[in-house]
Amino acid sequence: MSYKYILVFVSVVFAASIAFSPSWAGDLSGQKGKVRAMGQYPDGGCGKLFDRYIVASGHSAYATTVTGQYSAAVCGIALNKRSQEQAAQDAVKVCESGNEHYKVEQLGGCYVGASK
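A few points on the structure. Since the model is a prediction, treat every value here as computed from it, not as a measurement.

So, about the overall build of the protein chain. In terms of helices and strands, the protein chain carries three helices and four strands. If you list the helices and strands of the protein chain from N to C, you get α-β-α-β-β-α-β. Out of the 116 residues in the protein chain, the part that is buried amounts to 31%. Long-range contacts, defined as pairs at least 24 residues apart, comprise 64% of the intrachain contacts of the protein chain with a sequence gap of at least 6. Summed over all atoms, the accessible surface of the protein chain reaches about 7,600 Å², with 59% contributed by carbon and sulfur.

Structure follows, in structure tokens:
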């Protein structure tokens with residue numbers, strides 16, 4: 001293998017490692033990102049998860065349920081994923097699995113409350 005081909009291979013591997021690293025998005029810690037009709041700031045365990053979402057430095061998402069007046073909320077997060085879309089999908093999956101586990105009566109399924 002000649003020097004020219006080795007240099008091209010190393011350049012391609014380096015470019016791929018940068019493109020797929022969470023830091024490619026820049027530092028997103030401390031940012032709320034795109035917030036979608038979440039209502040009030042969440043309390044309790046969901047509030048703690050939302051705080052972890054805010055502190056995350058990469059693409060992340062926070063998903064929650066729409067709850068009735070006397071129901072508890074179920075939520076989920078996905079932190080530092082490759083893309084905002086992947087984080088949103090994973091957060092909804094975590095929320096839905098929690099919803100199945102706790103069997104909370106609600107007015108709808110899980111939705112993405114915030115993502116960055």
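On to helix H3 (residues 84-102), then. Taking 1.5 Å of rise per residue, the 19 residues of H3 would be expected to cover 27 Å, and the 27 Å separating its terminal C-alpha atoms lies within 8% of that figure. Turning to H3, its buried residues are Ala87, Ala88, Asp90, Ala91, Val92, Cys95, Gly98 and Asn99. Where H3 is buried, its residues meet strand E2 (59-65), strand E3 (75-81) and strand E4 (110-115). Positive backbone phi, at 50°, marks Lys103, one or two positions downstream of H3.

The next subject is the pattern of salt bridges. Scanning the entire structure with this criterion turns up one salt bridge. Note that Lys81 and Asp90 form a salt bridge whose closest N and O atoms lie 3.3 Å from each other.

Turning our eyes to something else, we now look at the nonpolar core. Counting residues in each nonpolar core, the largest one holds 11 residues, listed as Ala61, Ala63, Val74, Ala78, Ala87, Ala88, Ala91, Val92, Cys95, Cys110 and Val112. Only E2, H3 and E4 provide two or more residues apiece to this core. The leading source of residues in this core is H3, at five residues. Sequence-distant contacts of Cys95, defined by excluding residues within four places in its chain, comprise Ala63, Thr64, Thr65, Val74, Cys75, Gly76 and Cys110. In this structure, Phe50, Ile54, Cys75 and Ala114 belong to the second largest nonpolar core, which totals nine residues.

As a further point, take the pairing of E2. Most of E2 sits inside the fold, with seven of its seven residues counted as buried. What you see with E2 is no split at all: His59, Ala61, Ala63 and Thr65 on one side and Ser60, Tyr62 and Thr64 on the other are buried throughout. Sheet topology note: the E2/E4 ladder contains five bridges and is antiparallel. Each bridged residue has a counterpart across the sheet, and for Thr64 the counterpart in E4 is Tyr111.

We now examine the state of the cysteines. On inspection of all chains with the given rule, the structure shows two disulfides. Between the sulfur atoms of Cys46 and its disulfide partner Cys75 the distance amounts to 2.1 Å. Residues Cys46 and Cys75 share a disulfide whose torsion about the S-S bond is about -105°; that sign makes it left-handed. Placement of Cys46 in helix H2 (residues 44-55) and of Cys75 in strand E3 is noted, with a sequence separation of 29 residues between them. For the pair formed by Cys46 and Cys75, the shared burial category is buried. Across the disulfide, Cys95 is cross-linked to Cys110 (sulfur-sulfur distance 2.2 Å). Every disulfide takes its handedness from the sign of the S-S torsion; for Cys95 and Cys110 that torsion is -80°, giving left-handed.

Thresholds applied
- Residues numbered from 1 in each chain as written.
- Predicted model: local features only at pLDDT ≥ 70, side-chain atom pairs only at ≥ 80, totals over all residues.
- Heavy atoms only, no water.
- Helix = DSSP H or I, 4+ residues; strand = E, 2+ residues; numbered from the N terminus.
- Buried < 20%, exposed > 50% of the residue type's maximum accessible area, 1.4 Å probe, protein only.
- Contact = heavy atoms within 4.5 Å.
- Areas by Shrake-Rupley, 256 points an atom, 1.4 Å probe, with all protein chains shown as cover.
- Expected span 1.5 Å × (residues − 1).
- Salt bridge = Lys/Arg side-chain N within 4 Å of Asp/Glu carboxyl O.
- Core = buried A, V, L, I, M, F, W, Y, C linked by side-chain atoms within 4.5 Å.
- Pairing = 2+ DSSP bridges.
- Disulfide = S-S within 2.5 Å.

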